[in-house]
Amino acid sequence: QLQLVESGGGLVQPGGSLRLSCAASGFTLDYYAIGWFRQAPGKEREGVSCIGTSDKSTYLADFVKDRFTISRDNAKNTVYLQMNVLKPEDTAVYYCAAVIYYGMGCPNVRDYYTDWGQGTQVTVSS
């Protein structure tokens, strides 16, 4: 059973930076695409970023593509989301998710992912 644990969330000021980690246990992530999603109170869970089984296959939503970076370290079985120039509207619970994937690119569809972490809270406020 694949288990995912997010960490790195917290309270930061606007313009600050934060790095989220998604650590996996139970299985190697080598053949899993990993997605980052976020959900603010009263809103639907939305896709932020994803990375495929190739380190050249990444996606960033338009609202974060100039500020966030996704990467993976298969040796550590961990995926990272580097978040820079954080804004109050980035405040949400951030989730990582995984699905076995062999295609090109990566899926940015919430219902496609089969395994989810419990989420980590990110709050951006002055």
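Residues numbered from 1 in each chain as written. Predicted model: local features only at pLDDT ≥ 70, side-chain atom pairs only at ≥ 80, totals over all residues. Heavy atoms only, no water.

Novice: Would you mind going over the state of the cysteines with me for this structure?
Specialist: What is meant by a disulfide is a covalent connection between two cysteines, made through their sulfur atoms. In total, this model carries two disulfides according to the counting rule given. What pairs with Cys22 in a disulfide is Cys96, and their sulfur atoms sit 2.1 Å apart. Looking down the S-S bond of the Cys22 and Cys96 bridge, the torsion is 65°, so its handedness is right-handed. Pair noted here: Cys22 is in strand E3 (residues 18–25) and Cys96 is in strand E9 (residues 92–100), with a separation of 74 residues, a long-range link. A residue is classified by how much of its surface remains accessible, and Cys22, at 0% relative accessible area, is buried. (Disulfide = S-S within 2.5 Å. Helix = DSSP H or I, 4+ residues; strand = E, 2+ residues; numbered from the N terminus. Buried < 20%, exposed > 50% of the residue type's maximum accessible area, 1.4 Å probe, protein only.)

Novice: So what exactly am I meant to see when it comes to the pairing of strand E7 (residues 68–73) here?
Specialist: Burial along E7 is one-sided: Phe68, Ile70 and Arg72 are buried, and none of Thr69, Ser71 and Asp73, which face the opposite way, are. Where E7 and strand E8 (residues 78–83) come together, six bridges link them in antiparallel fashion. By the bridge assignment, Arg72 is partnered in E8 with Val79. The hairpin formed by E7 and E8 contains four residues between the paired strands, and Asn77 there has a positive phi angle of roughly 55°. (Pairing = 2+ DSSP bridges.)

Novice: Which parts of the structure should I look at to understand unusual backbone geometry?
Specialist: The backbone phi angle of Asn77 is positive, close to 55°, even though this residue is not glycine. Inspection of the secondary structure assignment puts Asn77 in the loop between E7 and E8. With relative accessibility at 14%, the residue Asn77 sits in the buried group. A positive phi is found at Val85, a non-glycine position, where the angle reads about 50°. As for its placement among the helices and strands, Val85 is situated in the loop between E8 and E9.

Novice: Quick question: what am I supposed to make of the nonpolar core here?
Specialist: Most often, soluble globular proteins keep nonpolar side chains buried together rather than apart. In this structure, Trp36, Leu81, Met83 and Tyr94 are the most contacted members of the largest nonpolar core, which totals 28 residues. Secondary structure elements with two or more residues in this core: E3, strand E4 (32–39), strand E5 (46–51), E7, E8, E9 and strand E11 (120–124). With eight residues, the next largest nonpolar core counts Ala97, Tyr101, Cys106 and Tyr113 among its residues. (Core = buried A, V, L, I, M, F, W, Y, C linked by side-chain atoms within 4.5 Å.)

Novice: Just to check I follow, could you spell out the environment of Thr58 for this structure?
Specialist: On the secondary structure map, Thr58 appears in strand E6 (residues 58–60). Along the chain, Thr58 and Thr69 lie 11 residues apart, while their C-alpha atoms are 9.2 Å from each other. Not counting the four nearest positions on each side in its chain, Thr58 is found in contact with Cys50, Ile51, Ile70 and Cys106. (Contact = heavy atoms within 4.5 Å.)

Novice: Explain the pattern of salt bridges to me, please; I cannot follow it from the model alone.
Specialist: If charged atoms from side chains of opposite charge come close, those side chains can pair. Here the structure, examined in full by the defined rule, presents five salt bridges. Between Arg38 and Asp90 there is a salt bridge, with the nearest N and O atoms lying 2.9 Å from each other. You can see Arg38 sitting in strand E4 and its partner Asp90 sitting in the loop between E8 and E9, a full 52 residues away along the chain. With a shortest N-O distance of 2.7 Å, Asp90 and Arg67 are connected by a salt bridge. (Salt bridge = Lys/Arg side-chain N within 4 Å of Asp/Glu carboxyl O.)

Novice: Help me understand the packing of aromatic side chains in this model?
Specialist: Given two aromatic rings, one states the distance between the centres and the angle between the planes to describe the pair. In this structure the tally under the stated criterion is six aromatic pairs. An aromatic cluster is built from Phe37, Tyr95, Tyr113 and Trp116, whose rings are joined through pairwise contacts. A cation over a ring is seen here: Arg45 above Trp116, with NZ or CZ 5.0 Å from the ring centre. (Phe/Tyr/Trp six-rings, centres within 6.5 Å; stacked < 30°, edge-to-face > 60°. Lys NZ or Arg CZ within 6 Å of the ring centre and 35° of its normal.)

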